[in-house]
Amino acid sequence: MYGDCEAISSMGGNLVVSSETLFTSTFQNPNFTYLPLEPLPPMIPKEENGSLLRGKEEMKSGSESELQETTEQPLKKKRYHRHTAHQIQELEAVFKECPHPDDKQRMKLSQELGLKPRQVKFWFQNRRTQMKAQQDRSENVILRAENDSLKSEFYRLQAELSKLVCPNCGGPPVPGGVSFDELRIENARLGEELERVCAIASRYIGRPIQTMGALMPPSLELDMNIYPRQFLEPMPPPILSETPSYPDNNNLILMEEEKTIAMELAMSATDELVKMCRTNEPLWVRNNETGKEVLNLDEHSRMFHWPLNLKQRSSEFRTEASRDSSVVIMNSITLVDAFVDANKWMELFPSLVARAKCVQVISQGVSGTNGCLQLMYAELHVLSPLVPTREAYFLRYCQQQNVEDETYWAIVDFPLDGFHNSLQTSFALYKRRPSGCLIQDMPNGYSRVTWVEHAEIEEKPIHQIFSHFVHSGMAFGANRWLAVLERQCERIASLMATNIPDIGVIPSPEARKNLMRLSQRMIRTFCVNISSCSGQVWTAVPDSSDDTVRITTRKVSEAGQPNGLILCAVSTTWLPYPHHHVFDLLRDERRRAQLEVLSNGNALHEVAHIANGSHPGNCISLLRINVSSNSSQHVDLMLQESCTNKSGSLIVYSTVEVDSVQLAMSGEDPSCIPLLPLGFFITPMELMNDGGCKDEANGHNITTGSLLTVGLQVLASTIPSAKINLSSIAAINNHLCTTVQQISSALSNNCIGSCNEGDNGKEK
């Protein structure tokens, strides 16, 4: 630093460099790296009349000063000499032609300019140092620009590489950079090997063997002989299209300079979440008719002024905001760990989160949780293809803090506004405003969770039957998130418990855990397969009542499901009965036996029972299918799980082979057992009538109803390339309609029977 100042002083002749001029220098970028200069003689200020000069200090160059002889007395002050403008001009002219003069050239210059050879030597030395520093600064600027350019190019290529797919199979590219010539040679070698093996095998069996390409039939009809009744074929529906691959925005990565801004926004979002969780009126106003809390948007805009809330709300977006609180049977550490792990988060909310992943870890935090900031992706769904899914990229921040002498964990999600404004989405735009939960530990391992959901959704048409369910906030609101969380925490607690007695043939705790894991996978598979997540294309059946039946095909080749072509059909119907009545009918194998279309004329007998919740309907059952003695059907078992909470109920079941169940019971990994689940999703609904909130049905006032969604899946072919014909579509459509009719009739008969028993009791 001193070397630069001295060089500037030497170039300026008698010009005095003030502190103001020095601090307004153009070289103020803190990113510049100043190289160490050669050591210079110490600078001692000149004395006049026995006192030090005061005021602005003049900066002297070491090259301009001449040191006194060492023989002089040490108390005598050193004398300084400043070069004239003519001397500096002549020295600069020589420096341009020869930066390194020899002794003769320095001697000549000293004689011409009236300087000592040592002064000339020092001037050239400092001038070379200054020139080198300037060159280093220029090179530093160029290298930093090239580094930023290469970093951006690296991230771009990394994102492009992650999106590459094989043009033939649609899978990921082969690592290692295998050339096409090598693949062609390997393909030709395998073809010759296959022909040689087929030729050898044909000698032993006495007939020619065709290659695998000739064994693939173009199509295969769906066999519906498992159903006892015959169905009439309706009008031909539109041809089903294949499910497209769903693109992801894998190139979303926050740069280093954006991470600091993201951390600042995380602090603001956390502060907003804490206030929204702990503040009542006037921020939250309770609706006297529904009993729900409604967010006061004007008060919210007044309280929170951080950048994401300053944008004007467009009329194209609808605001959803809700708040709820509950106590769950899980400690805060386990809950926080589930929220920062995308896979655990999906398992915790199988009926709400279809897909989730951590795109980028921006900050690791302390011990992986406190202060952790992640860029997340999630796709939220309702268990019906009639409701579009919601996908969002957002930032998730986790922090432990003390509020009014109480320790909380705050988990807040906030949007990517300002970082990436051009996200490519396949669904309606979903802006997730600061949302999340506060978790407070309670005695005995419980936690109090306060949840806030706040989002802006692009207005898109929704099927009429689900319109009230979605617009009222029942589909994606805080009450549903908390209800599902409370239920799943009970299930996890029962999985870890060792003092819960089981009924039936469960030989060991390990067998119990395997059966519960198998059932959990069955639940998740059912939830994903009957919704519109992952870009599944559903086709409406033209002759269905209320246009509520949807069908689709799916090619399956991974483990855990039957390999081949699967045909799936889903229907949603409104029923004028409380959802717990419908749940009790469908979960009880004895009452469900009266539904001929579901039982196929066979009785069901429970051989194992695992209770996994406080409600008696929250359980896992292993049922034996009792076929008639003269039947040729193979005896199988049925795995069933039923669960209910205040936001809805699920009954899911799937047939499994006896050998597979024995494999799970023996402690082996159950992930390889193929499951093709069927089931029901029941949601409570209020009747929305123009004339009032009550309706007349069978002579009784009914104030509540329910939506019943039925999902059926059938293995159409063991060959994925098979095609579905119209008769197969008609068969499963009629089967679905018959199922709904039988459920409605059974509910009606049960309701009439219970009412008659009540009337007889009154007469007595």
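- For the protein, an unreviewed UniProt entry supplies the name Homeobox domain-containing protein and the organism Gossypium mustelinum.
- If you open the UniProt record of the protein and go to Subcellular location (unreviewed entry), you find "Nucleus".
- The Sequence similarities (unreviewed entry) field of the UniProt record for the protein holds the comment "Belongs to the HD-ZIP homeobox family. Class IV subfamily."

**What about the overall build of the protein?**
Link 1 in the chain: Within the protein one finds 18 helices and 24 strands.
Link 2 in the chain: Looking at the protein as a whole, 44% of its 764 residues qualify as buried.
Link 3 in the chain: By sequence separation, contacts in the protein at least 24 residues apart represent 69% of the contacts at least 6 residues apart.
Link 4 in the chain: Working note: accessible area of the protein is about 41300 Å², and carbon and sulfur atoms make up 53% of it.

**Overview of a nonpolar patch on the surface**
Link 1 in the chain: Together, Ile329, Met442 and Tyr446 make up a nonpolar patch on the protein surface, roughly 220 Å² of accessible area in all.
Link 2 in the chain: Looking at where Tyr446 falls in the secondary structure, it is placed in the loop between strand E11 (435–441) and strand E12 (447–458).

**Quick look at the pattern of salt bridges**
When charged atoms on two side chains of opposite charge get close, those side chains can pair.
Link 1 in the chain: Within the structure shown, the criterion is met by 20 salt bridges.
Link 2 in the chain: Residues Arg432 and Asp413 are paired through a salt bridge, measuring 3.1 Å at the closest nitrogen-oxygen approach. On the criterion of sequence distance, the pair formed by Arg432 in strand E10 (residues 430–432) and Asp413 in strand E9 (residues 406–415) is long-range, its members being 19 residues apart. Residue Arg432 shares its accessibility class with Asp413, and that shared class is buried.
Link 3 in the chain: One salt bridge connects Arg587 with Asp584, and the closest N-O pair in it is separated by 3.5 Å. Of this pair, Arg587 and Asp584 both sit in helix H14 (residues 579–587), separated by three residues, roughly a single helical turn.
Link 4 in the chain: Here Asp584 falls in the partly exposed class, since its relative accessible area comes to 26%.
Link 5 in the chain: Members of the salt-bridge network, linked through shared partners, are Arg396, Asp413, Arg432 and Glu453.

**Description of unusual backbone geometry**
Link 1 in the chain: Cis geometry is found at the peptide bond from Glu281 to Pro282, where omega equals 5 degrees.
Link 2 in the chain: Along the chain, Pro282 falls in the loop between helix H7 (256–278) and strand E3 (284–286).
Link 3 in the chain: Backbone geometry places Asn444, a non-glycine residue, at a positive phi of 65 degrees.
Link 4 in the chain: When you line up the elements, Asn444 lands in the loop between E11 and E12.

**Some thoughts on the packing of helix H12 (residues 478–496) against helix H13 (residues 509–529)**
Link 1 in the chain: At a minimum axis separation of 10 Å, H12 and H13 run at an interaxial angle of 155 degrees. In terms of their interaxial angle, H12 and H13 are classed as roughly antiparallel. Facing Gln488, Arg491, Ser494 and Leu495 of H12, the residues of H13 in contact are Arg512, Lys513, Met516, Ser519 and Gln520.
Link 2 in the chain: Taken together, the residues of the contact of H12 with H13 break down into two nonpolar, four polar and three charged.

**Considerations on the packing of aromatic side chains**
Link 1 in the chain: Counted under the stated rule, the structure contains 13 aromatic pairs.
Link 2 in the chain: Between Trp123 and Phe124 the ring centres are 5.3 Å apart and the planes differ by 80 degrees, which places this aromatic pair in the edge-to-face class.
Link 3 in the chain: Phe124 gets classed as buried once you look at its relative accessible area, which sits at 1%.
Link 4 in the chain: An angle of 65 degrees between the planes, with centres 5.0 Å apart, marks the rings of Phe349 and Trp481 as edge-to-face. Here Phe349 is found in the loop between helix H10 (342–348) and strand E6 (353–363), whereas its partner Trp481 is found in helix H12, with 132 residues between them in sequence.
Link 5 in the chain: Each residue in the set Phe339, Trp345, Phe349, Phe394, Trp451 and Trp481 is aromatic and connected to the rest through ring pairs, giving one cluster.
Link 6 in the chain: The side chain of Lys357 reaches across the aromatic face of Tyr377, ending 5.8 Å from its centre.
Link 7 in the chain: Over the aromatic face of Trp345 sits the side chain of Arg396, whose NZ or CZ is 4.2 Å from the ring centroid.

**A few points about helix H3 (residues 85–97)**
Link 1 in the chain: The first and last C-alpha atoms of H3 sit 19 Å apart over 13 residues, in line with the 18 Å expected at 1.5 Å per residue.
Link 2 in the chain: The complete set of buried residues in H3 reads Gln87, Ile88, Leu91, Glu92 and Phe95. Projected onto a plane normal to the axis of H3, the buried residues spread over an arc of 130 degrees and lie on a single side. Within H3, the exposed residues directed more than 90 degrees away from the buried face are Gln89, Lys96 and Glu97.

**Considerations on helix H11 (residues 464–471)**
Link 1 in the chain: Along H11, the positions that sit buried rather than exposed are Ile465, Phe466, Phe469 and Val470. Down the axis of H11, the buried set is contained in an arc of 105 degrees. They therefore lie on one face.
Link 2 in the chain: Gly473 occupies a position one or two residues after H11 and carries a positive phi of about 85 degrees.

**What about the pairing of E11?**
Residues in a regular strand project their side chains so that they alternate between the two faces of the sheet.
Link 1 in the chain: For E11, a buried count of six out of seven residues is recorded, marking the element as mostly surrounded by other parts of the structure.
Link 2 in the chain: The pairing of E9 with E11 spans five bridges and is classified as antiparallel. Across the sheet, Asp413 pairs through a bridge with Ser435, a residue of E11.
Link 3 in the chain: Inspection of the sheet shows E11 paired to E12 by six bridges, in the antiparallel sense. Within the sheet, the bridge partner assigned to Gly436 lies in E12 and is Val452.
Link 4 in the chain: Taken together, E11 and the strand that follows it, E12, pair antiparallel across an intervening segment of five residues, in which Asn444 is found at a positive phi of about 65 degrees.

Basis of the calculations
- Residues numbered from 1 in each chain as written.
- Predicted model: local features only at pLDDT ≥ 70, side-chain atom pairs only at ≥ 80, totals over all residues.
- Heavy atoms only, no water.
- UniProt positions renumbered as here; feature names shortened; annotations may be inferred.
- Helix = DSSP H or I, 4+ residues; strand = E, 2+ residues; numbered from the N terminus.
- Buried < 20%, exposed > 50% of the residue type's maximum accessible area, 1.4 Å probe, protein only.
- Contact = heavy atoms within 4.5 Å.
- Areas by Shrake-Rupley, 256 points an atom, 1.4 Å probe, with all protein chains shown as cover.
- Patch = residues over 30% accessible without salt bridge, like charges linked within 9 Å, V, L, I, M, F, W, Y side chains within 5 Å.
- Salt bridge = Lys/Arg side-chain N within 4 Å of Asp/Glu carboxyl O.
- Axes fitted to C-alpha atoms, helices over the stretch in contact; angles between N-to-C directions.
- Parallel < 35°, antiparallel > 145°, perpendicular 65-115°, else oblique.
- Nonpolar A, V, L, I, M, F, W, Y, C, P; charged D, E, K, R; others polar.
- Phe/Tyr/Trp six-rings, centres within 6.5 Å; stacked < 30°, edge-to-face > 60°.
- Lys NZ or Arg CZ within 6 Å of the ring centre and 35° of its normal.
- Expected span 1.5 Å × (residues − 1).
- Arc of directions from axis to C-beta.
- Pairing = 2+ DSSP bridges.

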